[in-house]
There are 2 protein chains.
Amino acid sequence: MGAFENVKDDERLAPDVYHQGPDTLQISRSKLHQKIRAKVLQRMKEKLGDELGVILLQGGGPFHIHSTDMEGCFRQEGYFHYIGHSILFMPRLPPEHAVWMGPIAGTEAVRQKYAVDAVHYVDEMAKVLKQLEAPALHLLCGINSDSGRPALEASFEGIDSFSVEREALFPIMADCRAVKTPEEIEVMRYANQVASSAHVEVMRKCRPGLMEYALEAVFLKDCYLLGGCRHAPYTPICASGPNGAVLHYGHAAAANNRQIQDKDMMLMDMGCEYYAYDSDITCSFPANGRFTDNQRGVYESVLAAHQAVLEAMRPGVKWPDMHLLAERALLGGLKAAGFVRGDVGEMLDKRLGAVFMPHGLGHLLGIDTHDVGGYLAGLPPRSTLPGLRSLRTARVLEAGMVITVEPGCYFNEFTMRPALQDPALAHLLVSERIEALMGTGGVRLEDDVVVTPDGCESLTNVPRAVAEVEAVMAGGEWPDTALSEQMSA
Amino acid sequence: MGAFENVKDDERLAPDVYHQGPDTLQISRSKLHQKIRAKVLQRMKEKLGDELGVILLQGGGPFHIHSTDMEGCFRQEGYFHYIGHSILFMPRLPPEHAVWMGPIAGTEAVRQKYAVDAVHYVDEMAKVLKQLEAPALHLLCGINSDSGRPALEASFEGIDSFSVEREALFPIMADCRAVKTPEEIEVMRYANQVASSAHVEVMRKCRPGLMEYALEAVFLKDCYLLGGCRHAPYTPICASGPNGAVLHYGHAAAANNRQIQDKDMMLMDMGCEYYAYDSDITCSFPANGRFTDNQRGVYESVLAAHQAVLEAMRPGVKWPDMHLLAERALLGGLKAAGFVRGDVGEMLDKRLGAVFMPHGLGHLLGIDTHDVGGYLAGLPPRSTLPGLRSLRTARVLEAGMVITVEPGCYFNEFTMRPALQDPALAHLLVSERIEALMGTGGVRLEDDVVVTPDGCESLTNVPRAVAEVEAVMAGGEWPDTALSEQMSA
């Protein structure tokens, strides 16, 4: 257990260090959040000059399950977590809180823990903010472009007596969040190590006869037990056979509850969360460990798209162009494997790529799985074309962006049947080969990729080549992350 | 895998059967919900006679994480789940739903799956309900006595043209939910088998040096992998040492993230959920597998309270009397072990029990962990006395009620320090013995108990006697449930 052995109540660590025990990543809150705050402040100063006042953010509240007293485990609101809060207002808790929830930390202990400049109680907000004599309170006000839901706007008793400003903050903070600092990337690298390692374990454990959710259980256990990652940032997608074609499979009405069959292709889209930062990884592999010819043909077409994008990504590249590049490589692979025929350029023009891959190539990743800043005023707008319109951003890549690269290929009745019957498309499809794959699901290969000054680097470390996948599933070694097992559970 | 082997897409099971694959409980929705519906209808008829109209319930909606598009995994609203719905109104989904969420079931398939009489689309509600020519729509309107939050009231476009009634339904449904049918008890028995088995595994895996959350990870994995139980009904409490005295430890600000020390007492309060029904079990044991004398003294006092209540529970007994019985046995045990001295009757009168056990003895359990129907008009009201006022119900027990029995004993500065300094209590406390235990946490032993016509039966099956706990932790056998391992993960 190295440096952690017999750590008693963190006595040897600085009070602002977040960690989850032996072999988990130690994060200095001061180091992480100070740089982020400086970034946001600089941008606000550039925009507002002398008009710059106080940035006021609302922390998250509880999630009740309907009318009950059951609460989901609290998750901090993303923008609030991002800033790490410089003056933090905390609730004044009643003394009996100590019996039910634990010892009540005083303001000084909270100040040290979160590495902020000052801590006061919520009931002191009006008084403390008045003393700052700021020209305005800048509130977070804007619409999340993935959910259509408004950001959490701060409020407090007495806010009416302040001058508030709602325009400046949201676009600046959303844009800052889209480009990560090195410290943020370090956290995401760790979340990727943990999830990559758990995906490899899932590959090794998979076999026909299991329920799909058994693999979800194994994945979540490994991420938590070995990596200290308590939450899955999104509901895991553990799809076997036909379910692989359902892009958001795994939700309550399609709850990873099919029994895995011998010839199934598996599609596992699962990630984990550490200190609020997410990983989001997809692996596809044959349930029984050996690719059939058809499975290999589809898989290698997707892999070609995956590799083409990773080779082309760099600052200055437009994300929709990467989507089109992926489509081109995918369709080229499918043509070589005999599933489509004719001119790939014609296929692209006719948006045939969206028949095989109806979703976008990837999305910004960070504190949110579909991270903010994808579409903002002044940035490239959303396309209206099939496939491209599903992209969650159309931005030009910048160094420090973390974005998923997740080309896929699916055989879904809903998209494929109309294409087979469309005179404009039918001549491009080898219908007997495609019919043979209808109902067999799909393949998706998803890495989390950081844009570097001269290219990109994948944070994900899972078997990708057919030979690698088959070897690992047969029990072969996989160059592991630094994670060591706490226990053989 | 028995009868389930190679089940392909449930083809051999009736369409209304809920199950999670091999070795998991099969539930006939028609059998379960028809009896429940009949019970509620009968009570509504008795109350309203000719005024009886149509019962209208609102199903649950999604839980968004703040402004993001991340949703928690959907959980049906409890009252809605309870009825199993007889005319179900479902959303009319757009065709592209099939690509993202899965095949769209038609109304007839949904009717068969949920074993209801009819299914229509939500946009047909006004039309369909008009045709019923009911004197009124009975809406669910009332306050959850644990959360203080209002029940989810149904609404739809056009409801203004109906006569609605809001008084009758809530107290009747809440009361019906408090007394379980045999079919409901069967589901809860299964959820108890699964969680009991997982608790035993946690005991076996526990050792000093682990992080507390490692045991949470093991528990959740076993419940899901071996029992098909996807959700924990509440945030698991995995408390070591001093954290055992924090009654709701495990939440985000006290996140099961302490490293377990050699002499720690462990307190594990964890349950699982199957087909919306919960188990809620607490085990306490020494981290290193061997009780110290002090640990044994406290543990056996709590166990005496646990046993006294299980021996006394039967229909007609008042729940607050069981709380007082538990306090009496607890204090008697603590006296025999030398932690308190003097007259136990005096201790009870002075509410010394609430110093050691500040929470209630137990709560109704069912679809909600703190199940509904605890306090309703015409039923015994909440006490104002320490300890007793924390009870979530003061009802007279009836056969079919499922209630937790969870006496505990904690050494918490917040409750103990004032007692040691209180002249009215100090002479009853053996201060040097208690001081030795301050900061060592606590013990809680929680079973889920069904009231039978002539007594009660615990659905929980975990080691309780000191010798049993030590034997199981040393690797000894424990008479297991019928669960078999899907895989050795």
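Owing to the predicted nature of the structure, the values given are computational and were not obtained by experimental measurement. (Residues numbered from 1 in each chain as written. Chains lettered and ligands numbered in written order. Predicted model: local features only at pLDDT ≥ 70, side-chain atom pairs only at ≥ 80, totals over all residues. Heavy atoms only, no water.)

### Some thoughts on the pattern of salt bridges
Then comes step 1: All told, the structure shown has 56 salt bridges over all chains when counted by the stated rule.
Then comes step 2: The salt bridge partner of A:Asp447 is A:Arg464, with a shortest N-O separation of 2.7 Å. With a gap of 17 residues between them, A:Asp447 in strand S16 (residues 447-452) and A:Arg464 in the loop between strand S17 (455-458) and helix H15 (466-473) connect regions that are remote in the sequence. Judged on exposure class, the residue A:Asp447 and its partner A:Arg464 are both buried.
Then comes step 3: A salt bridge links B:Arg166 to B:Glu153, with the shortest nitrogen-to-oxygen separation between them at 2.9 Å. One end of the pair, B:Arg166, is in the loop between strand S7 (164-165) and helix H6 (169-178); the other, B:Glu153, is in the loop between strand S6 (137-139) and S7, with 13 residues separating them in the sequence.
Then comes step 4: Looking at B:Arg166, the relative accessible area reads 36%, which means it is partly exposed. (Salt bridge = Lys/Arg side-chain N within 4 Å of Asp/Glu carboxyl O. Helix = DSSP H or I, 4+ residues; strand = E, 2+ residues; numbered from the N terminus. Buried < 20%, exposed > 50% of the residue type's maximum accessible area, 1.4 Å probe, protein only.)

### Here's the deal with the domain arrangement of chain A
All names here are of chain A.
Then comes step 1: Domain annotation for chain A reports domain 1 (17-178) and domain 2 (182-488).
Then comes step 2: With centres defined by C-alpha atoms, the gap from domain 1 to domain 2 works out at 34 Å.
Then comes step 3: Domain 1 puts 29 residues into the contact, and the matching count from domain 2 is 35 residues.
Then comes step 4: Roughly 2,800 Å² of surface becomes buried between domain 1 and domain 2 when both sides are summed, with 53% attributable to carbon and sulfur atoms.
Then comes step 5: At the boundary of domain 1 with domain 2, the tally comes to six salt bridges.
Then comes step 6: Here Asp368 and Arg177 are joined by a salt bridge, their closest N and O atoms 3.5 Å apart.
Then comes step 7: Our enumeration of links across domain 1 and domain 2 arrives at eleven residue pairs in polar contact (both at pLDDT 80 or more).
Then comes step 8: Of all the elements in the fold, those that place two or more residues in the side of domain 1 that touches domain 2 are helix H1 (29-48), helix H2 (78-83) and helix H6 (169-178).
Then comes step 9: With seven residues, the top contributor of residues to the side of domain 1 that touches domain 2 is H1.
Then comes step 10: Counted by class, the side of domain 1 that touches domain 2 contains twelve nonpolar, eight polar and nine charged residues. (Domains from an automatic or database assignment. Contact = heavy atoms within 4.5 Å. Buried area = accessible area lost by both parts, 1.4 Å probe. Polar contact = N/O pair within 3.5 Å; in protein donor to acceptor, adjacent residues only side chain to side chain. Nonpolar A, V, L, I, M, F, W, Y, C, P; charged D, E, K, R; others polar.)

### Some points on the UniProt feature "domain: Aminopeptidase P N-terminal" (unreviewed entry) in chain A
Then comes step 1: According to UniProt, the feature "domain: Aminopeptidase P N-terminal" (unreviewed entry) maps to residues 28-148 of chain A in the numbering used here.
Then comes step 2: Along residues 28-148 of chain A, the helical share is 37% and the strand share 12%, with 33 Å between the first and last C-alpha atoms. (UniProt positions renumbered as here; feature names shortened; annotations may be inferred.)

### Thoughts on unusual backbone geometry
Then comes step 1: The backbone of A:Arg351 shows a phi angle near 60°, a positive value even though the residue is not glycine.
Then comes step 2: Position of A:Arg351 among the secondary structure elements: in the loop between helix H11 (344-349) and helix H12 (353-356).
Then comes step 3: A positive phi angle, close to 80°, is found at B:Ala276, a residue other than glycine.
Then comes step 4: Relative to the elements of secondary structure, B:Ala276 occurs in the loop between strand S10 (273-274) and strand S11 (277-278).

### A word on the packing of H1(A) against H6(A)
Residue and element names in this part refer to chain A.
Then comes step 1: As a packed pair, H1 and H6 sit with axes 10 Å apart at the nearest point and diverge in direction by 140°. Here H6 runs oblique to H1, going by the angle between their axes. As H1 packs across H6, the resulting crossing turns out to be right-handed. Touching Lys39, Val40, Arg43, Met44 and Lys47 of H1 are Leu169, Ile172, Met173, Asp175 and Cys176, all from H6.
Then comes step 2: Within the contact of H1 with H6, the residues separate by chemical class into six nonpolar, no polar and four charged. (Axes fitted to C-alpha atoms, helices over the stretch in contact; angles between N-to-C directions. Parallel < 35°, antiparallel > 145°, perpendicular 65-115°, else oblique. Left-handed = near helix turned anticlockwise from the far one by under 90°.)

### Overview of the relation of the copies chain B and chain A
Then comes step 1: Mapping chain B onto chain A is achieved by rotating through 180° and translating by 0.0 Å along the same axis, at an RMSD of 0.0 Å. Taken together, the rotation angle and the small translation identify this as a two-fold axis. The C-alpha atom lying nearest the rotation axis in chain B is that of B:Lys221; the distance is 2.9 Å.
Then comes step 2: The overlap is high: 100% of the interface residues of chain B also sit at the interface in chain A, so the same surface is used on both sides. (Least-squares fit on C-alpha atoms with pLDDT ≥ 70 in both.)

### Overview of empty space enclosed by the protein
Then comes step 1: Tallied over the full model, the rule gives three cavities of 30 Å³ or more.
Then comes step 2: Considering the residues around the largest cavity, the lining is formed by 47 residues, among which A:Arg75, A:His231, B:Arg75, B:His231 and B:Ala232 are closest to the centre.
Then comes step 3: For the lining of the largest cavity, the secondary-structure elements that each account for two or more residues are helix H8 (212-227) of chain A together with helix H8 (212-227) of chain B.
Then comes step 4: Residues of the lining of the largest cavity, tallied by class, amount to 28 nonpolar, nine polar and ten charged.
Then comes step 5: As a volume, the second largest cavity reaches approximately 60 Å³.
Then comes step 6: Forming the boundary of the second largest cavity are A:Tyr79, A:Ile143, A:Asn144, A:Ser145, A:Asp146, A:Phe170, A:Ala174, A:Val372, A:Gly373, A:Gly374, A:Tyr375 and A:Leu376.
Then comes step 7: Of the residues belonging to the lining of the second largest cavity, the class tally is seven nonpolar, four polar and one charged.
Then comes step 8: Counting residues domain by domain, the lining of the second largest cavity receives three or more from each of domain 1 (17-178) and domain 2 (182-488) of chain A. (1 Å grid on protein atoms, 1.4 Å probe; cavity = no way out; pocket = protein on both sides within 12 Å on 5 of 7 lines; lining within 4 Å. Points joined across faces, edges and corners; volume = space filled by probe spheres on them.)

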